[in-house]
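For reference, the chains in residue letters:
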Amino acid sequence: MQHFSIALLLTTSIMAGATQAAASDNLCEGLFTGTERVTIPAVAKPPFMKYYKDPAFGSKVIRITDAREGEIFKPAYSSMQAWNADESMLLLYRGGDNPAHVLVDGKTYEPFRELDIIPSDLEEVYWSHTDPDTFYYVSKYSRDYGFLKRYSIKDDKSYKVRDFYDICGKQGLPTGGNDVQMQSLDDDLFGFRCRKSEDEFFMFSYRPSTDEVIQAPLSKEQGWDPWSAPIAGPSGERFWLQGKVLEPDMKTVALKQDMYKYHEHANIGQTHDGQDAVFQTVFDPSPNGCDDDLWQGVGHLIVHNMETGECRPVINEAKGYPYTTSGTHVSAQAYRNPGWIAMSSVGYGSFDFFSNKRKAPALLSEIYLANTDPDNEVVCRLAHHRSFGKDAKRGGYKAYFGEPHATISPSGTRIVFGSDWYDSGSVNAFVIELPAYEK
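Asker: Tell me about the sheet that holds strand β26 (residues 407-408), residues and numbers included.
Answerer: Read from one edge to the other, the open sheet built from 5 strands follows the order β1-β2-β28-β27-β26, with strand pairing classed as antiparallel. Two strands lie at the open edges of the sheet, namely β1 (51-53) and β26, each paired on one side alone. Alignment of strand β2 (residues 60-63) against strand β28 (residues 428-433), held across 4 bridges, turns out to be antiparallel. Bridge pairing links K60 to E433 in β28.

Okay, structure coming up:
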């Protein structure tokens, strides 16, 4: 069984240095890359901590948690890093009667520690890209409400980085907004918003190295919806906010991207050649046609370059895939292998394919991986997650937590996802290990 407590034995060998997973020019090598329909074989929930081969696609998968009825274990969100910088630790959210963030060993998946943190929102835990020992969060505890904290795994302790009282007021809580994403790759540029009064919202950036704060109004008068925060580009040279790319002053609009809706599921990462980009799931045509794309920018995966403004489809109907599947999420956090994107799709209203033995549309209830390099594009389909997601009825937990929210590792060689496994009454975390992964 796997139920976490602070009394779990802490091991120090994990922090002694990482054996980084080996990168590959083609992470899809040897995997299923077709676009055809396949059946979804009926499979009992896989045993805890036992590897199994996905029956449709042959990928190596392991269930790493053993949730009780009504309990949830899953990655916090697809847009946020789940593994630390050297992949020696994996962060999961535990939901249910005793919610908490928990760490598991990033290699063996054994329980490591329950964390005594309450971040501003459950997704808003920011692993450092440069220090495996560190993550950041804004605290919601009353004792340090609104403080940006730095947590050390080695010390099992949080340290104050900055109090934003001067920006947000006593009751203002800095957050990453409703579209939370990661900080810059050098960990030196964060974007937040806060509500200073009933109708007064601000957005601001923060650079820990200089303690610099740049603040700007976030209101409809300035053309913004107040629910989201500016997102630092991985390069640290720009921000993204509601479909627009901003200069570091957060006032100058560098370009407006060709998006019908800026709030579709997306993740900000880098292209194969290191340019900042938004990797988006799209259901409606781009206003300007997505650079003359036949399907006008509609598809499971569209790349919007934050530096050039280019709009380019990777997974869409022109490439032989169906119209965009509902419940699709994007993870672009393979910053050691940029351009590789992990995805998960649910396919609400189509769960009869779990039992009718008919071939299901491609990407229905699937976890899949894409190389977005235009000279080496490839998509491999990895596993069926068999999760009912928001249509689940059992367990008593918020059914939304059954959505897989597949999250890629920094090396791109592993993917963690959640599944309620045919609405079983609980949600467990699973890990796909690609052939390129080396422990």
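Asker: Outline the packing of aromatic side chains, supporting the account with residue identities and numerical values.
Answerer: Taken as a whole, this structure holds 24 aromatic pairs when the rule is applied. Arranged with centres 4.7 Å apart and planes meeting at 20°, the rings of F135 and Y151 form a pair that is stacked. In this pair, F135 is assigned in strand β8 (residues 134-138) and Y151 in strand β9 (residues 147-152), connecting sequence segments 16 residues apart. Comparing F135 with Y151, the two get one shared label, buried. Here F164 and F204 contribute two aromatic rings whose centre-to-centre distance is 5.0 Å and whose plane-to-plane angle is 55°, an arrangement assigned as tilted. Of this pair, F164 sits in the loop between β10 (157-163) and α1 (165-168) while F204 sits in strand β12 (residues 200-207), and the two are 40 residues apart along the sequence. Owing to a relative accessible area of 2%, F164 belongs among the buried residues under this scheme. A network of ring pairs unites the aromatic residues Y52, Y348, F351, F354, F388, F417, W421, Y422 and F430 as a single cluster. Note that K160 overlies the ring of F147, its terminal NZ or CZ placed 4.7 Å from the centroid. Across the ring face of W224, the terminal group of K244 is positioned such that the distance to the ring centre comes to 5.3 Å.

Asker: An account of the sheet that holds strand β18 (residues 266-270) is requested, with residue identities and associated values reported.
Answerer: Read from one edge to the other, the open sheet built from 4 strands follows the order β18-β19-β20-β21, with strand pairing classed as antiparallel. Looking at which strands have only one partner, the edges of the open sheet turn out to be β18 and β21 (311-315). Shown here is a sheet whose adjacent strand axes are inclined to one another by a mean of 30°, direction ignored. Bridge analysis of strand β19 (residues 276-282) against strand β20 (residues 299-305) gives 5 bridges, and the strand direction is antiparallel.

Asker: Quick one: what's the story with the nonpolar core, residue by residue and with numbers?
Answerer: Counting 23 residues, the largest nonpolar core has V61, L369, L382, I415, F417, I432 and L434 as its most contacted members. Mapped onto this core, the elements with two or more residues apiece are β23 (340-344), β24 (366-371), β25 (378-384), β27 (414-419) and β28. For this core, the element with the highest residue contribution is β25, accounting for 4 residues. Counting residues in hydrophobic clusters, the runner-up holds 17 residues, among them L148, F190, F192 and F204.

Asker: Please set out the state of the cysteines residue by residue, giving values where relevant.
Answerer: Applying the stated rule across the entire model yields 3 disulfides. In this model, C28 is linked to C380 through a disulfide, with the two sulfur atoms separated by 2.0 Å. In this structure, the disulfide formed by C28 and C380 twists by about -70° around the S-S bond and is classed as left-handed. On the criterion of sequence distance, the pair formed by C28 in the segment before β1 and C380 in strand β25 is long-range, its members being 352 residues apart. Of the two residues, C28 and C380, both sit in the buried class. The residue that forms a disulfide with C168 is C194, at a sulfur-sulfur distance of 2.3 Å. As the torsion about the S-S bond is roughly -90°, the C168-C194 disulfide counts as left-handed. Of this pair, C168 sits in helix α1 while C194 is found in strand β11 (residues 190-197), placing the two residues 26 residues apart along the sequence. C194 shares its class with C168; the two are buried. When the bonded cysteines of the chain are counted from the start of the sequence, the pairing works out to 1-6, 2-3, 4-5.

Asker: Tell me about the pairing of β25, and name the residues and values.
Answerer: In terms of burial, β25 is largely enclosed, as 7 of its 7 residues are buried. In terms of strand pairing, β24 meets β25 through 6 bridges, oriented antiparallel. Bridge assignment links Y368 to a residue of β25, and that residue is R381. Counted along the chain from β24 to the antiparallel partner β25, the turn is 6 residues long.

Asker: So what's going on with the confidence of the model for the chain? Which residues, and what values?
Answerer: For the chain, the average pLDDT comes to 93, and 95% of its residues sit at 70 or higher. Contacts for the low-pLDDT stretch residues 1-24, under 50 throughout, to residues beyond four places or in other chains number 61 contacts.

About the cut-offs
Residues numbered from 1 in each chain as written. Predicted model: local features only at pLDDT ≥ 70, side-chain atom pairs only at ≥ 80, totals over all residues. Heavy atoms only, no water. Pairing = 2+ DSSP bridges. Helix = DSSP H or I, 4+ residues; strand = E, 2+ residues; numbered from the N terminus. Phe/Tyr/Trp six-rings, centres within 6.5 Å; stacked < 30°, edge-to-face > 60°. Buried < 20%, exposed > 50% of the residue type's maximum accessible area, 1.4 Å probe, protein only. Lys NZ or Arg CZ within 6 Å of the ring centre and 35° of its normal. Axes fitted to C-alpha atoms, helices over the stretch in contact; angles between N-to-C directions. Core = buried A, V, L, I, M, F, W, Y, C linked by side-chain atoms within 4.5 Å. Disulfide = S-S within 2.5 Å. pLDDT = per-residue confidence, 0-100. Contact = heavy atoms within 4.5 Å.

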